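The chain contents come next:
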Amino acid sequence: MKKIEHLATEKEWLEAFGVLQQLRPHLTEETFLELVRLAEEKEGYRISVLRADGKIVSVIGYMPMITLYYGRFIWVCDLVTDADERSKGYGEELLAAIEEGAKAEGYDGIALSSGLQRKDAHRFYEEKMNFEKASYAFKKNF
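Just so we're clear, the structure is a prediction, and the values are computed from it rather than from any experiment.

**A look at the overall build of the protein chain**
Phase 1: Each helix and strand in the protein chain was counted, giving four helices and five strands.
Phase 2: Secondary structure elements of the protein chain, listed N to C terminal, follow the sequence β-α-α-β-β-β-α-β-α.
Phase 3: A compact globule built from 142 residues would reach a C-alpha radius of gyration of about 14 Å, and the protein chain, at 15 Å, matches this within 12%.
Phase 4: The buried share of the protein chain, taken over its 142 residues, is 38%.
Phase 5: Counting contacts in the protein chain only where the partners sit at least 6 residues apart, residues at least 24 apart contribute 56% of the total.
Phase 6: In the protein chain, which carries 20 positive and 25 negative side-chain charges, the distance between the mean positions of the two groups comes to 3 Å.

**Topic: a nonpolar patch on the surface**
Phase 1: A grouping of Leu116, Tyr136 and Phe138 is seen on the molecular surface, where their side chains present a nonpolar patch of about 490 Å² in accessible area.
Phase 2: Summarising the element assignment, Leu116 is placed in the loop between β5 (109–112) and α4 (119–128).

**Digging into the side chain of Glu99**
Phase 1: Mapped onto the fold, Glu99 is located in helix α3 (residues 90–104).
Phase 2: No salt bridge is formed by the buried Glu99, whose closest oppositely charged neighbour, Lys103, lies at an N-O distance of 4.9 Å.
Phase 3: In contact with Glu99, not counting residues within four places along its chain, are Ile110, Met129 and Phe131.

**Structural notes on the packing of aromatic side chains**
Phase 1: Counted under the stated rule, the structure contains six aromatic pairs.
Phase 2: Judged by centre distance (4.8 Å) and plane angle (55 degrees), the ring pair of Tyr70 and Phe73 falls under tilted.
Phase 3: For Tyr70, a relative accessible area of 30% gives the class partly exposed.
Phase 4: When the ring centre of Tyr107 is taken as reference, the NZ or CZ atom of Arg72 above it lies at 4.3 Å.

Calculation rules
- Residues numbered from 1 in each chain as written.
- Predicted model: local features only at pLDDT ≥ 70, side-chain atom pairs only at ≥ 80, totals over all residues.
- Heavy atoms only, no water.
- Helix = DSSP H or I, 4+ residues; strand = E, 2+ residues; numbered from the N terminus.
- Rg over C-alpha atoms; globule rule 2.2 N^0.38 Å.
- Buried < 20%, exposed > 50% of the residue type's maximum accessible area, 1.4 Å probe, protein only.
- Contact = heavy atoms within 4.5 Å.
- Lys, Arg positive; Asp, Glu negative; His and termini not counted.
- Charge placed at Lys NZ, Arg CZ, Asp CG, Glu CD.
- Patch = residues over 30% accessible without salt bridge, like charges linked within 9 Å, V, L, I, M, F, W, Y side chains within 5 Å.
- Areas by Shrake-Rupley, 256 points an atom, 1.4 Å probe, with all protein chains shown as cover.
- Salt bridge = Lys/Arg side-chain N within 4 Å of Asp/Glu carboxyl O.
- Phe/Tyr/Trp six-rings, centres within 6.5 Å; stacked < 30°, edge-to-face > 60°.
- Lys NZ or Arg CZ within 6 Å of the ring centre and 35° of its normal.

Now the structure itself:
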């Protein structure tokens, strides 16, 4: 049985950490919790998961944004399916649910960035989820 749910407490966030850490291996539990707390408070960041037979198999972190380029949209910060559960449609189902929720709430679209090396993820976004490449993302660390 599959179920999509929003995680609202630190205890619940920690349940998702093992899967999310597969995408963000640099994070410790402490840093993860600190960043999620801040992002939730300041940016409206949310974490939702897809459970299969009670086990978290896919995690998505996202937040509402407004820019002049995209208008009102949902920014997907993190999307990962457990390495042992990939290619079963879980990521597709979870992302589609977030898209439907965004449409129902009147958002103009959904956007994300993906590391240049993540060729399989790019194919997934373009071929399965009908995303189009809109721009390059640039960053500068301090």
